[in-house]
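# A structural walkthrough
Below, each chain spelled out in residue letters.
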Amino acid sequence: MKLSVSIVTYEQEGFIRQTLQSVLDQETDFDFEVIVGDDASTDQTPEILLEMAKDAPHPVRLLLADKNYGDSGLSNFMATVDASTGEYVAFLDGDDYWHMPHKLQRQVDFLDRHPECAICVHRCEHLLANGDTILTPRPNRGDAVLPVDKLIVSNFAEKISTVVRRSALETLPDWYRTTSAISADWLFNVLIAREGKIGYIDDVMAVHRLHSDSLSIRHGTQKLMADKLKSLELLKPYLPQSARAIARAERRVKLKMRLLSASPRTYTAMKRLNKL
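First, a word on scope: everything that follows refers to the structure included in this document. A quick note: this is a predicted structure, and the numbers were derived from the prediction, not measured.

About the thresholds
- Here the residue numbers are simple positions, counted from 1 along each chain's written sequence.
- A pLDDT threshold of at least 70 governs which residues receive local features in this predicted model, and a stricter bar of 80 or more applies before side-chain atom pairs are shown or counted, although totals over entire chains, interfaces and linings include all residues.
- Hydrogens and water molecules were not included; the side-chain quantities draw on all heavy atoms of the structure.
- Counting from the N terminus, the helices are the DSSP runs of H or I reaching at least four residues and the strands are the DSSP runs of E reaching at least two.
- Helix span is expected to be 1.5 Å times the residue number reduced by one.
- Per-residue accessibility, obtained with a 1.4 Å probe over protein chains only, is compared with the maximum for each type, and a residue is labelled buried under 20%, exposed over 50%, and partly exposed between these values.
- An arc is given here, and it is the one of the directions from the helix axis to the C-beta atoms.
- In this description, a line fitted to the C-alpha atoms serves as the axis of each element, helices being fitted only across the stretch in contact, and the angle between N-to-C directions of two axes falls anywhere from 0 to 180 degrees.
- Any angle from 65 to 115 degrees is called roughly perpendicular, while one under 35 is roughly parallel, one over 145 is roughly antiparallel, and all others are oblique.
- Helix crossings get a hand from a simple test, with the near helix turned counterclockwise from the far one by less than a right angle marking a left-handed crossing and a clockwise turn marking a right-handed one.
- Contacts were defined at the residue level, with two residues in contact if any of their heavy atoms lie within 4.5 Å.
- Under this grouping Gly is polar, as are all residues other than the nonpolar Ala, Val, Leu, Ile, Met, Phe, Trp, Tyr, Cys and Pro and the charged Asp, Glu, Lys and Arg.
- By convention a nonpolar core is built from buried Ala, Val, Leu, Ile, Met, Phe, Trp, Tyr and Cys residues, the set being connected through side-chain atoms within 4.5 Å.
- Using a grid of 1 Å spacing that covers the protein atoms alone, one calls a set of points a cavity when a 1.4 Å probe fits there but cannot get out, and a pocket when the set is open and has protein on both sides within 12 Å along at least five of seven lines; lining residues are those with an atom within 4 Å of a point.
- Grid points are joined across faces, edges and corners, and a volume is the space filled by probe spheres set on the points.

This part covers helix 10 (residues 243-262). Taking 1.5 Å as the rise per residue, helix 10 with 20 residues should run 28 Å; its terminal C-alpha atoms sit 29 Å apart, in good agreement. Among the residues of helix 10, Ala245, Ile246, Ala249, Glu250, Val253, Lys256, Met257 and Leu260 are the ones counted as buried. Take helix 10 and look down its axis: the buried residues cluster within an arc of 140°, on one side only. Every exposed residue of helix 10 that faces more than 90 degrees away from the buried side is listed here: Arg244, Arg251, Arg258 and Ala262.

In structure tokens:
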């Protein structure tokens, strides 16, 4: 199998149909499978998945948990990773979607051309509840091969934009499976990317919904930043060659924390403009 798509979901009956359909609509010259992990949803999410899997044009395997894992989706996510068989693995959350039908083809082609890359990502669009949109940061103008240091300093890679090599997945530290880090998605991408370089495609090919229960609202922006500092500390033993980038990232996070404390309005405005 050339590629596996991991989808994780919980209580997303209003979005999961569009999410899965956006994967099944991908146009590729290779075979791919879809693995959906449902973390014991009590709404209609499992029923929708069972209905769509019946006549899907690609194999769809459903991992329907009997009981919620209780760890903010991490074990559900890792279950889909463990069940995947593809040379490459792509990721999508159950309330987001891909809106470019050649997304997977372009990323697989990029990785095939660039064996030095462990991961390939692209830009995404954040869709706010009021309909406004914000684009993710742009680390380069044009497609590029980037060092992991870029991702350490600025998180330009949403998990839903990520395609990784299976060989890189095998190097994840054991502690990642039980981490309580709020920044787990970013940690995952950095830990994978340290095994090579980052392939970057300078196009917007996915939509990430920002809900009222987003991480920043659930945990608070200051808590998210404090968590990021702890996560940077966790990375130090694994990326000694990136010590300067980690130190720069720490300074950047501390500057954001000071700005947020001094002027929340200014912080919010700069964040929307991708100036932070």
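Structure's up, so let's keep going.
Where helix 1 (residues 16-24) contacts helix 2 (residues 45-54), the two axes come as close as 10 Å, and the packing angle between them is 30°. Of the possible angle classes, the one that applies to helix 1 and helix 2 is roughly parallel. Considering only the axes of helix 1 and helix 2, their crossing is right-handed. Note on element contacts: helix 2 touches helix 1 through Thr45, Ile48, Leu49, Glu51 and Met52, opposite Ile16, Arg17, Leu20, Gln21 and Leu24. For the contact of helix 1 with helix 2, the residue count by class is six nonpolar, two polar and two charged.

Judged by nonpolar contacts, the single largest core of 40 residues is most densely connected at Phe77, Ile152, Tyr176 and Ile192. Setting aside chain neighbours within four positions, we find isoleucine 192 in contact with Ala118, Ile119, Val164, Ala168, Leu169 and Leu172. One finds Leu20, Leu24, Phe32 and Val60 within the second-largest nonpolar core, a separate group that totals 32 residues.

Here the focus is the environment of arginine 244. Position of arginine 244 relative to the elements: it lies in helix 10. In this structure, the C-alpha to C-alpha distance between arginine 244 and valine 153, residues 91 residues apart in sequence, is 9.8 Å.

Another point: the environment of serine 154. Of note, serine 154 is situated in the loop between helix 5 (148-153) and strand 9 (163-165). When the C-alpha atoms of serine 154 and alanine 90 are compared, they prove to be 21 Å apart, with 64 residues separating the residues in sequence. Contacts of serine 154, omitting those with residues within four sequence positions, involve Pro137 and Arg252.

Before going further, it helps to examine the layout of surface pockets. Put simply, the second largest pocket is a space of about 180 Å³. Residue lining of the second largest pocket: Pro137, Arg138, Pro139, Asp149, Lys150, Val153, Ser154, Phe156, Arg248 and Arg252, and that is the complete set. Those elements giving two or more residues to the lining of the second largest pocket turn out to be helix 5 and helix 10. Among the elements that take part in the lining of the second largest pocket, helix 5 stands out by supplying three residues, more than any other.

From the geometry alone we can't say anything about function, so treat these as descriptive.
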